[in-house]
Amino acid sequence: CRGVAMICPTCGGAGHVQDKPDCVAELRAWLIDKGHWVGPSGAVTEAAAAAALDRSPSTLRGWRYTDQRLPFKKQGGRVRYALADLAAFAAGEIK
């Protein structure tokens, strides 16, 4: 399920998520395997979100300061993204 051009593990289709909880779990496992921090609630750092979406952190920063294409939260001055939002964005549900 990882990335914008992902292949759904359920149906084999590209660019969507058939079963979002499975995709979120797959995304969590992939990020942890790559050494990224994933919080207990599914919050990830800007670097992890960028890696998951195959974008640069500066692209995500630009989105935050322009049209906010991807939902984010600030926790203690740090930017965090939710795994569910990353999966929805990759599936094309967030534009």
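**Thoughts on the pattern of salt bridges**
According to the stated counting rule, one finds 2 salt bridges in the structure shown. With a closest N to O distance of 3.1 Å, Arg 61 and Glu 46 form a salt bridge. Within this pair, whereas Arg 61 is found in helix H3 (residues 57–65), its partner Glu 46 is found in helix H2 (residues 46–53), the two being separated by 15 residues in sequence. Residue class for Arg 61 comes out partly exposed when judged on its relative accessible area of 37%. Judged by its relative accessible area of 15%, Glu 46 falls in the buried class.

**Some points on the sheet that holds strand S2 (residues 73–75)**
The strand order across the open sheet built from 3 strands is S1-S3-S2, with neighbouring strands paired in antiparallel fashion. Strand pairing shows two members of the sheet lacking a second neighbour, strand S1 (43–44) and S2, which therefore form its edges. One ladder, built from 2 bridges, connects S1 with strand S3 (residues 78–82); its direction is antiparallel. Paired with Val 44 across the strands is Tyr 81, a residue of S3. Set on the sheet, helix H4 (residues 83–90) makes contact with S1 and S3; between it and S3 the angle comes to about 60°.

**Things to note about the confidence of the model for the chain**
Confidence along the chain averages 80 in pLDDT terms, with 76% of residues attaining 70 or more. Of all helices and strands in the chain, the one with the weakest mean pLDDT is helix H1 (residues 20–33) (84), whereas S1 scores best (96). Overall, residues 2–12 carries pLDDT values under 50, and its contacts beyond four positions in sequence, including any with other chains, amount to 38 contacts. Low pLDDT, under 50, characterises residues 15–19; the predicted model gives this stretch 18 contacts beyond four residues in sequence or across chains.

**Re the pairing of S3**
Looking at chain direction, S2 and S3 are connected through 3 bridges and run antiparallel. Note that in S3 the partner of Gln 75 across the bridge is Arg 78. Turn length for the S2-S3 hairpin, with the two strands adjacent in sequence and antiparallel, is 2 residues, and the turn residue Gly 76 shows positive phi of about 60°.

**Some words on unusual backbone geometry**
Positive phi outside glycine occurs at Asp 54, with the angle close to 55°. Mapped onto the elements of the fold, Asp 54 is located in the loop between H2 and H3. The exposure class assigned to Asp 54 is exposed, which follows from its relative accessible area of 61%.

**With respect to the nonpolar core**
Residues Leu 31, Val 44, Leu 60, Leu 70, Tyr 81, Leu 83 and Leu 86 are the most contacted members of the largest nonpolar core, which totals 21 residues. Those residues in contact with Leu 86 that lie beyond four places of it in its chain are Leu 27, Val 44, Ala 49, Ala 52, Leu 53, Leu 70 and Tyr 81.

**Re H2**
In terms of burial, H2 is a largely internal element, 6 of the 8 residues being buried. Two residues or fewer past H2, Asp 54 is found with a positive phi of approximately 55°.

Criteria and thresholds
- Residues numbered from 1 in each chain as written.
- Predicted model: local features only at pLDDT ≥ 70, side-chain atom pairs only at ≥ 80, totals over all residues.
- Heavy atoms only, no water.
- Salt bridge = Lys/Arg side-chain N within 4 Å of Asp/Glu carboxyl O.
- Helix = DSSP H or I, 4+ residues; strand = E, 2+ residues; numbered from the N terminus.
- Buried < 20%, exposed > 50% of the residue type's maximum accessible area, 1.4 Å probe, protein only.
- Pairing = 2+ DSSP bridges.
- Contact = heavy atoms within 4.5 Å.
- Axes fitted to C-alpha atoms, helices over the stretch in contact; angles between N-to-C directions.
- pLDDT = per-residue confidence, 0-100.
- Core = buried A, V, L, I, M, F, W, Y, C linked by side-chain atoms within 4.5 Å.

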